[in-house]
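Descriptive analysis of the structure
What follows is each chain in one-letter form.
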Amino acid sequence: MNRYLTINPGDRVCDALAHPTPSVLARNGYKGIAIYWKNTDRVTLDTYHKAGIGTLLIHEWGAADFNTGHTGGVTAGRAARAAADKLGYPADLPMIAADDTDATSRNLAAHKDFVIGFKEGYGNSVGLYGDKDVVEACKNLPVDLFWQPNAWAWSGGRGVYHPLDHVLQGYDVHKIGVDDGVVVRPFRMWLGDSAVPAVVTVPVPTLRTGSTGDQVKLLQTQMKARGWYPYAVDGAFGPRTADGVKHMQTFLRVAVDGVYGPVTSGAWTNELRRHAG
């Protein structure tokens, strides 16, 4: 049974040709990554899933593809569907349509026709990644767009969204060498299947500097899996564990004080249950 992660406006999702490690994504507050299906495999996807990082697949094309218009888009969409099936990617999840071209006023109509055809061939909604002009031209198409990266490199330094949009949503373009995206509406990402071990939550009692024991070990183990505590699990709550809790609190958007108390515990438990659902 497939597991999913719900992404909401304000959550961070990145796109990257090179794959940042799950720990790097977690430390920087990312909940998901969009991966080019030609550059990945099931083992890589499972690595992200085990760390609680959601995944989406991307299908990329170039300028020559758009000359085929709507018909070419349908063909590309079907190819993307077949590739997704081979990776075990759930049929009810969308695909990112990556337009790897520098659009001009002369070919925007062809781009739009191709995107519409791609959605039809793929059989589900699509996100759009591409040149600023392409995103602006396609934003009102009936393709159910849900996520639009900044696409800084493809837009001559012109953000698809005004920098203020990124500031308001807490984004830092190229912070870890990837493009941040603006979440247009809630959508789901893949978290693998139910074979992932059952969630075990850390008990509610407050843990702080000086605490010791199995509860601290469990907390350290869970933080280590997310990359927030890259140290030995020793059951001693010291400065490094406190720093890990601060990373956790930043991710959970609760008060950052390095103390694992009821508020942090409750938010973390809800996060784990959501991933296991």
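Details of the structure are given in the entry above.
Per chain, residues are indexed from 1 in the order of the written sequence. Under the rules for a predicted model, residues below a pLDDT of 70 receive no local features and side-chain atom pairs below 80 are neither given nor counted, while totals for whole chains, interfaces and linings still include all residues. Derived side-chain values reflect all non-hydrogen atoms in the structure, with water molecules and hydrogen atoms excluded from consideration.

Below, the discussion takes up the overall build of the protein chain. Across its full length, the protein chain holds 10 helices and 9 strands. Residues counted as buried form 50% of the 277 residues belonging to the protein chain. A sequence separation of at least 24 residues applies to 64% of the contacts in the protein chain between residues at least 6 apart. Approximately 12,100 Å² of the protein chain is accessible, and the part contributed by carbon and sulfur atoms is 54%. Each helix is a run of H or I in the DSSP string that is no shorter than four residues. Each strand is a run of E no shorter than two, and both are numbered from the N terminus. Categorising residues by exposure relies on relative accessible area from a 1.4 Å probe, with only protein chains included: less than 20% of the type maximum marks a residue as buried, more than 50% marks it as exposed, and the intermediate range marks it as partly exposed. Contact definition: two residues touch when any of their heavy atoms are within 4.5 Å. Accessibility throughout is a Shrake-Rupley quantity obtained with a 1.4 Å probe, and a residue counts as covered only by protein chains that appear here.

Let's shift gears to the nonpolar core. For our purposes a nonpolar core is just a set of buried Ala, Val, Leu, Ile, Met, Phe, Trp, Tyr and Cys residues, chained together by side-chain atoms within 4.5 Å. Ranked by internal contacts, the top residues of the largest apolar core, which has 41 residues, are Y89 and F118. Top contributing element to this core by residue count: strand 3 (residues 30-36), with 5 residues. Formed by 16 residues, the second largest nonpolar core is a distinct cluster that contains M223, V245, F251 and V254.

A separate point is helix 2 (residues 42-50). Since the α-helix packs 3.6 residues into each turn, any two residues three or four apart lie on the same face. Residues of helix 2 that are buried include every one of L45, Y48 and H49, and no others. Down the axis of helix 2, the buried side of the element spans an arc of 100 degrees, and every buried residue falls inside it. Across from the buried face of helix 2, at angles greater than 90 degrees, the exposed residues are V43 and K50. At its buried positions, helix 2 is contacted by helix 1 (22-27), strand 3, strand 4 (54-61) and strand 9 (187-193). Whenever a nitrogen or oxygen atom comes within 3.5 Å of another N or O atom, the pair is scored as a polar contact, on the condition that within protein one atom can donate a hydrogen and the other can accept it, and that pairs from neighbouring residues in sequence are kept only if both atoms are in side chains. Where helix 2 begins, the capping side chain belongs to D41, and its oxygen is found 3.2 Å from the backbone nitrogen of V43. At the exit of helix 2 stands G52, carrying a positive phi of roughly 80 degrees. In this description, the arc belongs to the directions extending from the helix axis to the C-beta atoms.

To get an axis, fit a line to the C-alpha atoms, keeping to the stretch in contact for a helix; angles then go from 0 to 180 degrees between the N-to-C directions. Between helix 8 (residues 214-226) and helix 9 (residues 239-252), whose axes approach to 10 Å, the crossing angle comes to 60 degrees. Compared by their axis directions, helix 8 and helix 9 come out oblique. Pair helix 8 / helix 9 crosses with left-handed handedness. Packed against helix 8, whose contacting residues are L219, Q220, M223 and R226, the element helix 9 presents T241, G244, V245, M248 and F251 at the interface. Split into classes, the residues belonging to the contact of helix 8 with helix 9 amount to 5 nonpolar, 3 polar and 1 charged. Each angle is binned into one of four classes, with values under 35 degrees roughly parallel, values over 145 roughly antiparallel, values of 65 to 115 roughly perpendicular, and all other values oblique. Take the far helix as the reference: if the near one is turned anticlockwise from it by less than a right angle, the crossing is left-handed, and if turned clockwise, right-handed. When residues are grouped by polarity, Ala, Val, Leu, Ile, Met, Phe, Trp, Tyr, Cys and Pro land in nonpolar, Asp, Glu, Lys and Arg in charged, and all others, Gly among them, in polar.

Following the sequence through the fold, A26 ends up in helix 1. Given the relative accessible area of 2%, A26 is considered buried. Other than its neighbours up to four places away in sequence, A26 contacts I53, R226 and W228.

Limitation: the analysis is restricted to geometry and does not speak to function.
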